[in-house]
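# Coordinate analysis (summary)
In case you want the letters, here they are:
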Amino acid sequence: MTQHAPITWIDGEPPAGLSGGTTWGMPFQRGIVPDAAALRVLDSGGGPVNAQTWPLATWPDGSLKWAGIAIGATDQPAASYSVAPSTDTHDGGPAVVVEHSPEVTVTETEASVTVSTGKLEMVLARTGRSLFSRLSRDGSVVAKEARLVSLLQKDLIDGAGTSEREGFTGHTTSVTVEQRGPVRAVVRVDGRHQADDGTKEWLPFTVRFYFYAGAGSVRMMHSFIWDGDAEQDFLAGLGVQFTVPLASELHDRHVRIAGADGGFLVEAVRGLTGLRRDPGEEVRVAQIAGLPTPPLSEWSPLVSERLHLIPGWNDYTLTQLTSDGFELRKRTAPGHGWVGISGGTRSSGFCSVSDLGGGLGIGIRDFWQSHPGQLDIRGAATAEATMTAWLYSPEAQPMDLRFYHDGLGQDTFEDQLEGLEITYEDYEPGFGNPTGIARTHELTLFAYEATPSTETLAADAKAASTPPLLQPSPAYLHAAGVFGNWAPVDRSTPARAELEDKLDFLFDFYQGQTEQRRWYGFWNYGDVMHTYDTDRHVWRYDVGGYAWDNSELSPDLWLWYMYLRTGRADVFRYAEAMTRHTGEVDVYHLGPWRGLGSRHNVQHWGCSAKQLRISTPAYRRFYYYLTADERTGDLLTELVDSDQNFLGLDPVRKVRPDADTYRPDRGALGVGLGTDWGSLAATWLTDWERTGNPRSRDRLLGTMADIGALKYGFLTGEALYDLDAGRFDAGREVISVSHLSAVFGLVEICSELISLVPDEDFEEAWMQYCRLFLATPEEQIAEVGQPLAGIYLTQAHSRLTAYAAARLGSPELAELAWESFAEGGENLNHAEAFTLKKILPPYVLQPVDEAPTVSTNDTAQFGLAVIQNLALIGHHLPTAADAPQEVPAS
């Protein structure tokens, strides 16, 4: 299958130019490709392409499972590419290099790291207060002394900020070359923000710079961890700052700031248009185009002799404080009033300042979606301008991360369980703490040799906000045999087409809800709400555990399987945003809960249930493998020893009936065989595939064997886990079934494991669970001596029956699976649940569409059931007359 495997642009058409290169990931069938060095990339005409390849994961037999692949910058990217094994690798190394093509070079000394793409060069000091000391284009410095900046405010008055703010600057503690050319190099910078007086530190950060052969731009990935005290530390600004040298006359210096819908502010620092006297058409045309103006001797003397009387505009600011509005203004100098320029809805988050010798452009991805943001240009009329890309605007209200209520007297577990009964919030004093959550932003830095054309700037702004990405087709991904049971979209019968329509409808609906309900913002973008309030006609944003979803019932999985099947760019980017959010904000990255995630809540970090089911790699590994993203790799690595978390926090401490199953003093820990083990299995599997770590392999295979040895297998519910040995006690003889066990990735991981590694006893244990979960009480009693309690989410669990039907070739189980899917869907299969009704008069600021009376997590499980049932038993799908009702048009 690897012979010339097709790779196409996810947005359908190739970009106008590929100024910064691109990276993607792709899988290969087991046993086909020996290693990544055996791969080559060809363009659509069959010509070889300068490419770099490296392994992301291997199969148990050692053959290549996933590879990361990068190509360099080009003015004319091909319409498509293909990847195939190479018979002539480059010195046995990880690249196929085309003769005479530019290469990335990395030079390391004790004091610095220097990277060149052949077009630009960056010098990074190993320690100090700069991310890089200079960025040059063809030998000319376009930016220097790049630094991270933050503002700390220590108090709030009635929710409003005070004027007392302390400045911090990022202090680099280490610089690591993670990957080096010839096509792609990655440099990682780690450090902490340090007070300007050197007395305090906070906000640990990781910044990665990505360099591609021939590139005139550098991709920058910035991640930070919140480690402040939410009760007294209020972040009042977070940004990246650059110094841009300028030498040209003020009328040959240019500012460009992106507005909405591709529009730009196009101005010179000293404007020559609109004056009472005309300098001459050639002068005006040149300035507007950003070209050098003619010599002063060729101007009208009515203007050239009065240049000193035309103001120079020194400072510019764009603020995007909400998802719906930005404002532009400028001033001549500090101490003078600001002049409003214009405003609009959604800026793409791009600006540049340049002169005849070059300049710098900055683009922030998801700028308006992650509001409040800000772009500043200061000193454009001086020898050194300062550009600041604010990831959190200093003009916004300072960030307030305090818990949203006083506890309501819930001091004991009994009180807290009562609270759970009314607001669905699992509260516990001290657990609504954000310390340890993280946030990642992606920026692109453009090094210009002169002021670029507006067309070039527009293309750069688009590339920064929507990076070009190559991807394999759904058919290829499916044929590779990755990610378990799924299949590409198939509309070959009316019944299949109807279910495909429902999947499309549900995705489009929730994508629309993100926009309609404005699920945007610094900490919120990428998440969805949990459940709808049909009385108020809003999502339950303020009701305990019904607010932000935080991966409850696996919407992440649903979205990624939607993408695998469809190849849709909008699905990919929606899933990408969720992966960025849930992996960063909903998970702790330092402190006592490091590696654990927070259950759904009004605030993403508010719930006291800190569990592996939220942080599980089952949600992140799709994005990592499809993009080779190093930051996501960090998140996967963080979890390698996540079984240690059970020592510090019992996930079911409030309701544990049997204390003997949780004895951390003896290294014996009660670990659930559903959400807990499923998360651990995903962790160990991913680490084993990525690194070959024998600890992860042995714990995965060992616990699989132990589950197979349990008398009741998965039906046991929980087993005693020996942390030192990494094994379960297989002597437990209890039946305890939860409706949540299989809906946080367990189904998908077990499916992969059974196809990946042979273990007959484990497979039989899983098959028993799949057969009996929706069986009749009589069938359950006949096999295990008692009926199973806790059987809910029937539609979601229909895919268990479908799995058993497919493995056993049983038409009877297939019929039961489809019947359970149809009967267990509650509102999901009724036409009225999908009908959008306009609510009048407006209840929340504007007329809004009524949402179905289901939750987003029910929808996710519906989607997963459809996807897996179609893949497993689609040939047993009832006829159109018997299928679920048609989804009405919306």
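Scope of this entry: the structure provided in the associated data block.

Rules used in this analysis
- Residues numbered from 1 in each chain as written.
- Predicted model: local features only at pLDDT ≥ 70, side-chain atom pairs only at ≥ 80, totals over all residues.
- Heavy atoms only, no water.
- Helix = DSSP H or I, 4+ residues; strand = E, 2+ residues; numbered from the N terminus.
- Buried < 20%, exposed > 50% of the residue type's maximum accessible area, 1.4 Å probe, protein only.
- Contact = heavy atoms within 4.5 Å.
- Polar contact = N/O pair within 3.5 Å; in protein donor to acceptor, adjacent residues only side chain to side chain.
- Pairing = 2+ DSSP bridges.
- Axes fitted to C-alpha atoms, helices over the stretch in contact; angles between N-to-C directions.
- Core = buried A, V, L, I, M, F, W, Y, C linked by side-chain atoms within 4.5 Å.
- Expected span 1.5 Å × (residues − 1).
- Salt bridge = Lys/Arg side-chain N within 4 Å of Asp/Glu carboxyl O.

## Observations concerning the environment of W226
Here W226 lies in the loop between β18 (217-225) and β19 (234-245). Note on W226: relative accessible area 0%, which makes it buried. Taking the C-alpha atoms as reference points, W226 and G343, 117 residues apart in sequence, are found 32 Å from one another. If we skip the residues at most four places from it in the chain, W226 touches W202, L203, D233, L235, L401, P434, T435, G436 and I437. One polar contact links the side chain of W226 to the main-chain carbonyl oxygen of G228, over a distance of 3.4 Å.

## As for the sheet that holds strand β3 (residues 39-43)
Here we have 4 strands laid out as an open sheet, ordered β3-β6-β1-β30, and antiparallel in their pairing. Two strands lie at the open edges of the sheet, namely β3 and β30 (470-472), each paired on one side alone. Along the sheet, successive strands turn relative to each other by an average axial angle of 30°, direction set aside. Bridge count for strand β1 (residues 5-9) against β30 is 3 bridges, and the pairing is antiparallel. From the neighbouring strand, I7 faces β30, where its bridge partner is P472.

## Let's talk about the pairing of strand β8 (residues 105-108)
Here 4 bridges tie β8 to strand β9 (residues 112-116), and the two strands are oriented antiparallel to one another. Bridge pairing in β9 places V106 opposite V115.

## Description of the nonpolar core
Ranked by size, the top nonpolar core spans 229 residues in total, and within it F209, W558, W677, F714 and W766 carry the most contacts. It is helix α21 (residues 856-873) that contributes the most residues to this core, 9 residues altogether. With near-sequence residues (within four places) excluded, W766 lies in contact with F714, L746, V747, C750, I754, L800 and Y803. Membership of the second largest hydrophobic core comes to 8 residues, among which are A258, F264, F446 and L457.

## Some points on the pairing of strand β20 (residues 254-258)
With 5 of 5 residues buried, β20 lies mostly within the body of the structure. Burial of β20 is two-sided: the residues H254, R256 and A258 facing one way and the residues V255 and I257 facing the other way are all buried. Two elements, β20 and strand β21 (residues 264-268), share 5 bridges in a ladder whose sense is antiparallel. Within the sheet, the bridge partner assigned to I257 lies in β21 and is L265. Counting the residues between successive antiparallel strands, the hairpin from β20 to β21 contains 5 residues, one of them, D261, with a positive phi of roughly 55°. As judged from the 4 bridges shared by β20 and strand β25 (residues 350-355), these two strands associate in the antiparallel manner. What sits directly across from I257, in β25, is C351.

## Overview of helix α6 (residues 494-516)
An α-helical turn contains 3.6 residues, so any two residues separated by three or four positions project in the same direction. For α6, with 23 residues, the first-to-last C-alpha span of 32 Å sits near the 33 Å given by 1.5 Å per residue. A positive phi of about 60° marks R518, the residue just after α6.

## Description of the pattern of salt bridges
Inspection of the entire model under this criterion finds 63 salt bridges. One network of salt bridges, in which partners are shared, links E178, R188, D190, R208, E584, R631 and D634.

## Side note on the side chain of E576
Within the secondary structure, E576 sits in helix α8 (residues 569-584). At a separation of 2.6 Å, a polar atom in the side chain of E576 contacts the side chain of Y623. Excluding residues within four positions of it along the chain, E576 makes contact with R365, W560 and Y623.

## Quick notes on the sheet that holds strand β37 (residues 727-728)
Spatial ordering of the open sheet is given by β35-β36-β37, a layout of 3 strands whose pairing is antiparallel. The strands lining the two open edges of the sheet, one partner per strand, are β35 (668-672) and β37. Note: β35 against strand β36 (residues 718-722), 5 bridges, orientation antiparallel. Within β36, the residue paired with V671 across the bridge is A719. Where helix α13 (residues 675-691) meets the sheet, its contacts fall on β35, β36 and β37, and the angle it forms with β35 comes to roughly 95°.

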